[in-house]
Amino acid sequence: MRQEMETKKPNLAVRIFRFYYDGFRSMTVGRKLWLIILIKLFIMFAVFRLFFFRDFLEERFDTDEQKSDYVIETLTNF
Amino acid sequence: MIENLDMSLVDWSRGQFALTAMFHWLFVPLTLGLSFILAFMETIYVKTGDEFWKRTTKFWMTIFGINFAIGVATGIILEFEFGTNWSNYSWFVGDIFGAPLAIEGIMAFFLESTFIAVMFFGWNKVGKKFHLLSTWLVAIGANLSALWILVANAWMQNPVGMFFNPETARNEMVNFWEVLFSQSAVNKFLHTISSGFVLGALVVIGISSWYLLKRREQLMAKRSMIVASVFGLLSGLFLIFTGDSSARDIARDQPMKFAAMEALYEGKTRAPLVLAGALRGEEAGSGLGEREFLFRIEVPGVLSYMVHLDPAGFVPGILDLVRGNEEHGVLSLEEKISRGTVAMEALRELKDIRDTDSERYSELLARFSDEEWVENHFRYFGYGYFRGKDPATVIPHVPIAFYSFHLMVFLGGFFVLVFLATLYWGIRDQMDNKRWFLRIALWTIPLAYIASQAGWVLSEMGRQPWVIQDLMPTFAAVSRIDTETVQITFWLFAVTFTALLIAELSIMFKQVKSGPKEGEK
């Protein structure tokens, strides 16, 4: 009987999945919060990052040497 | 290029960064403080087995969860801004910023994100002790996450442990431990997290006061107040201690900020500490914007004692730092500009002759590795930008530094009194009769946020014009992008952040009004 119960125990991955699944299912306030988190992350990464916050040096130069030259030029040309 | 720089670009970029950082900082201190209060409450539950403490812990955990959820990832926007708006700065700081921020990301992910799920979902599913361990690890993880960003910030105020590579124009970390354990980093970390503990405690006391005013959840409110007041009182006293150490750091590494905090124009031995005061407008024709006090209450010798642990010690004023003071070994601005210009010209020449004069190139390169030259010239690199400029441009906005410092200190002292009173009446079970005090405690919540923000205003506005102390002025750090783009994102952030703040406050108020419920997540 004990051996049968042990064999029926789900593996760790399944238990972790169920832990999170049950946790999310039984949320009340948390559901609204998750919705806010998802909307916020969407705005941050799909709107701000993609359209407004490109990496300035990455976008203009291919190599680190070019970036260094540009920054030295900018910093010392006063 | 710097000469042709549109200063409105600098102002908008600074405004945007300030908006984002201040918004982010609305959430962080409550996470830092409340996480430990949860851990204390749950420890009492596990020790006593009393279900009351489980219910109480779960209620405050919900408040913690709301704050955490709305605030999470708002700091990432700051990293976006580094790459887009502050590219010169991002390049110049090199791996000094990269390493701590990477560690922060990993720590935040593994410690907070993993154990926070156990903390919220694990009641009755994992063992009591494992759940308690998870709550403690969330508190420790949240505070350790803060460590790394504060270390990076402290480096900007006091750059140490690095070597400037003139071939790449990047600072390279040569001593991780010096960066991590510099006196300014340690004090900044301890002062900042203890301010978060104080804020967390005041939020718990304030919300509990509301319940007592409404004559609801009285046992939970009273017991929560006692836990929060003990934690808050110890944190508040520690905050004073770390504030004192931080002041000494500022006097040593950022003497101009220190003089501005006290509106000290003429340096003095037996310098007094201004307890309270009001400044007049700038004196006409003063040249350096000197301001007289309309009134002030001061304690003689205390400022000197704070800095030197000797009331007879000399504290340089703003004018000494501009004009120099040979008697007390204070370099003049003119001398610093001259030394910085030498370093800047060496960097420019190094780049110009890279492919044409190898002998001169090696000679110049060697200078940047020569400790004496670095100490006497490169250390003042940023002053090279102020050649020919009005000396007033190296002075921070004195009223902002003065008022933010004094407001923070005054409120910090007031909070300690609130904790003492809460503890005294809480232990004697007399809190119900002190309705006037409960109202004060409730309204102390916004004051805690104001004090916390004032601390950052002092830290960041007080160190102007520097983004990296003595090495890089703020105007040299910005990317040459369109001002309009920065304006658009400023307003986008303002709208998004306002919406998020409204969402948080409405959810939190609703949660507080509905009170603790069994099984809520």
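Before any of the text, the structure's been laid out above.
The structure displayed is predicted, hence computed values, not measured ones.

1. What about the interface of chain B and chain A?
Taken together, the contact between chain B and chain A spans 61 residues of the former and 41 residues of the latter. Carbon and sulfur atoms make up 73% of the surface buried where chain B meets chain A, a total of about 4,500 Å² over both sides. The interface formed by chain B and chain A holds three salt bridges in total. Of the charged contacts in the structure, one is a salt bridge between Asp 69 of chain A and Arg 354 of chain B, with a shortest N-O distance of 3.0 Å. Applying the counting rule to chain B against chain A returns nine residue pairs in polar contact (both at pLDDT 80 or more). Those elements that place two or more of their residues in the side of chain B that touches chain A are α2 (51-71), α3 (76-85), α4 (87-93), α5 (95-121), α13 (333-352) and α19 (483-514) of chain B.

2. Details of α2 of chain B
Residue and element names in this part refer to chain B. With 21 residues, α2 should cover 30 Å at 1.5 Å per step; its first-to-last C-alpha distance of 30 Å lies within 8% of that length. Where burial is concerned, most of α2 is hidden: 19 out of the 21 residues are buried. Residue Asp 50 occupies the N-cap position of α2, its side-chain oxygen lying 2.9 Å from the main-chain nitrogen of Phe 52. Looking one or two places after α2, you find Ala 73, whose phi comes out positive at around 75°.

3. Description of the packing of aromatic side chains
Residues and elements named next belong to chain B. The tally for this structure, following the rule as stated, stands at 53 aromatic pairs over all chains. Aromatic side chains Trp 25 and Trp 456 sit 5.7 Å apart centroid to centroid with 75° between the ring planes, which places their arrangement in the edge-to-face category. With a gap of 431 residues between them, Trp 25 in helix α1 (residues 7-48) and Trp 456 in helix α17 (residues 435-461) connect regions that are remote in the sequence. Overall, Trp 25 belongs to the buried group, its relative accessible area being 9%. Following the ring pairs from residue to residue traces out a cluster consisting of Phe 92, Phe 164, Phe 368, Trp 373, Phe 378, Tyr 380, Phe 381, Tyr 383, Tyr 385, Phe 386, Trp 466 and Phe 475. We note Arg 223 situated over the ring of Phe 52; from NZ or CZ to the ring centre the distance is 4.7 Å. Sitting over the ring of Phe 475, Lys 389 keeps its end group 5.4 Å from the ring centre.

4. Re helix α2 (residues 12-25) of chain A
Counted at 1.5 Å a residue, the expected span for α2 of chain A with its 14 residues is 20 Å, and the 20 Å between its end C-alpha atoms agrees. The N-cap of α2 of chain A, judged by a side-chain oxygen 3.1 Å from the amide nitrogen of Ala 13 of chain A a few residues on, is Asn 11 of chain A.

5. Structural notes on the nonpolar core
All names here are of chain B. With 193 residues, the main nonpolar core has Ile 37, Phe 64, Tyr 89, Phe 258, Phe 378, Ile 468 and Met 472 as its most contacted residues. In terms of residue count, helix α8 (residues 183-213) provides more of this core than any other element does, 16 residues in total. Filtering out sequence-adjacent residues up to four positions away, Phe 64 remains in contact with Thr 31, Leu 34, Ser 35, Leu 38, Ile 116, Met 119, Phe 120 and Val 138.

6. Considerations on the pattern of salt bridges
All names here are of chain B. Tallied over the full model, the rule gives 22 salt bridges over all chains. Where Asp 249 meets Arg 252, a salt bridge forms, and the shortest distance between an N and an O atom there is 3.3 Å. Of this pair, Asp 249 and Arg 252 both sit in helix α9 (residues 218-253), three residues apart, which is roughly one turn of that helix. Classification of Arg 252 by relative accessible area gives partly exposed; the value is 43%. One salt bridge connects Glu 345 with Arg 387, and the closest N-O pair in it is separated by 3.5 Å. Taken as a pair, Glu 345 in helix α13 and Arg 387 in the loop between α15 (371-376) and α16 (398-427) lie far apart in primary sequence, 42 residues in all. With relative accessibility at 34%, the residue Glu 345 sits in the partly exposed group. Linked through salt bridges whose partners overlap, the residues forming this network are Glu 349, Arg 360, Glu 363 and Arg 367.

The rules behind the values
- In this numbering scheme, every chain counts its residues from 1 along its sequence in written order.
- Starting at A for chains and at 1 for ligands, labels are handed out in the order in which the entities are written.
- Reporting of local features is limited, given that this is a predicted model, to residues whose pLDDT is at least 70; pairs of side-chain atoms are given and counted only at 80 or more, and all residues count toward the totals for whole chains, interfaces and linings.
- Neither water nor hydrogens contribute to the side-chain values; these are computed over all heavy atoms in the structure.
- Contacts are assigned to residue pairs with any non-hydrogen atoms lying within 4.5 Å of each other.
- Here the quantity called buried area is the total loss of accessible area, with a 1.4 Å probe, experienced by two parts when brought into contact, counted for both.
- One speaks of a salt bridge when a side-chain nitrogen belonging to Lys or Arg is within 4 Å of a carboxyl oxygen belonging to Asp or Glu.
- Distance and chemistry together define a polar contact, namely a pair of N or O atoms within 3.5 Å, with one atom able to donate a hydrogen and the other to accept it when in protein, and with adjacent residues in sequence counting only for side-chain atoms on both sides.
- Helix numbers and strand numbers start at the N terminus; a helix is a DSSP run of H or I with at least 4 residues, a strand a run of E with at least 2.
- Here a helix's expected span is defined as the number of its residues, less one, multiplied by 1.5 Å.
- Only protein chains enter the calculation, and the probe is 1.4 Å; a residue is then buried if its accessible area is under 20% of its type maximum, exposed if over 50%, and partly exposed in between.
- Between the rings of Phe, Tyr and Trp (Trp by its six-membered ring), a pair exists once the centres lie within 6.5 Å; its type follows the angle of the planes, with under 30 degrees stacked, over 60 edge-to-face, and the other angles tilted.
- Charge-over-ring placement is defined geometrically: NZ (Lys) or CZ (Arg) within 6 Å of the ring centre, and within 35 degrees of the ring normal.
- Among the buried residues, those of types Ala, Val, Leu, Ile, Met, Phe, Trp, Tyr and Cys that are joined through side-chain atoms within 4.5 Å form a nonpolar core.

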